[in-house]
Amino acid sequence: MDRFTGRCWLDWWANSGTLLDSIEVAVVIKAVDAGWDASGHLVDDSTRAAFQFLCDLDPVFDLRFADGSTVLVTVTPSPGHSFTLTEYTD
């Protein structure tokens, strides 16, 4: 995969059994020498307040693809309703 463009969901889990919110996003993920580069925007602007609130609490989300696969990411909001994603490493 050199590039993925599509709809995904940013899932924010309060704990292992409680999904607090799932926000639909459009993302572009590109392969680069050091891994990948990803950015996106909210599909529905009315979710901006909830998105910002969750990012302020903890910017770590599950990025969920349509096939159900997930990757843990750190979200960095940008002005407006866009953001960048980096793979979460703990």
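Further up the page is the structure itself.
Note that the structure is a prediction, hence the values are computed from the model and not measured.

### Regarding the overall build of the chain
Part 1 of the argument: A tally of regular secondary structure across the chain gives one helix and six strands.
Part 2 of the argument: Ordered by position in the sequence, the α and β elements of the chain form the string β-β-β-α-β-β-β.
Part 3 of the argument: Each principal axis of the C-alpha distribution contributes one length, and for the chain these read about 35 × 30 × 25 Å.
Part 4 of the argument: Sequence-distant contacts in the chain: of pairs separated by 6 or more residues, those separated by 24 or more amount to 44%.
Part 5 of the argument: Accessible area for the chain stands at about 5400 Å²; split by element, carbon and sulfur atoms hold 51% of it.
Part 6 of the argument: Charge separation in the chain, taken as the distance between the mean sites of 5 positive and 14 negative side-chain charges, equals 9 Å.

### What about the sheet that holds strand S2 (residues 18-32)?
Part 1 of the argument: With respect to topology, six strands assemble into a closed barrel ordered S1-S2-S3-S6-S5-S4, the strand pairing being antiparallel. Sheet twist, expressed as the average angle between the axes of neighbouring strands with direction ignored, equals 45 degrees.
Part 2 of the argument: Two elements, strand S3 (residues 35-42) and strand S6 (residues 82-87), share four bridges in a ladder whose sense is antiparallel. By the bridge assignment, Gly40 is partnered in S6 with Phe83.
Part 3 of the argument: Taken strand by strand, helix H1 (residues 48-57) contacts strand S1 (3-15), S2, S3, strand S4 (60-64), strand S5 (70-77) and S6, and its axis lies near 85 degrees from that of S2.

### Section: the pairing of S4
Part 1 of the argument: Of all five residues making up S4, four are buried, and the element is well covered by its neighbours.
Part 2 of the argument: Bridge count for S1 against S4 is three bridges, and the pairing is antiparallel. Note on S4: the bridge partner recorded for Leu10 is Leu63.
Part 3 of the argument: Two elements, S4 and S5, share five bridges in a ladder whose sense is antiparallel. The residue bridging Leu63 from the neighbouring strand is Val71, located in S5.
Part 4 of the argument: Hairpin connection of S4 to S5: five residues between the antiparallel strands, including Gly68 at a positive phi of 95 degrees.

### Brief notes about the pairing of S6
Part 1 of the argument: One ladder, built from five bridges, connects S5 with S6; its direction is antiparallel. What sits directly across from Thr74, in S6, is Thr86.
Part 2 of the argument: Hairpin connection of S5 to S6: four residues between the antiparallel strands, including Gly80 at a positive phi of 80 degrees.

Definitions and limits used
- Residues numbered from 1 in each chain as written.
- Predicted model: local features only at pLDDT ≥ 70, side-chain atom pairs only at ≥ 80, totals over all residues.
- Heavy atoms only, no water.
- Helix = DSSP H or I, 4+ residues; strand = E, 2+ residues; numbered from the N terminus.
- Contact = heavy atoms within 4.5 Å.
- Areas by Shrake-Rupley, 256 points an atom, 1.4 Å probe, with all protein chains shown as cover.
- Lys, Arg positive; Asp, Glu negative; His and termini not counted.
- Charge placed at Lys NZ, Arg CZ, Asp CG, Glu CD.
- Pairing = 2+ DSSP bridges.
- Axes fitted to C-alpha atoms, helices over the stretch in contact; angles between N-to-C directions.
- Buried < 20%, exposed > 50% of the residue type's maximum accessible area, 1.4 Å probe, protein only.

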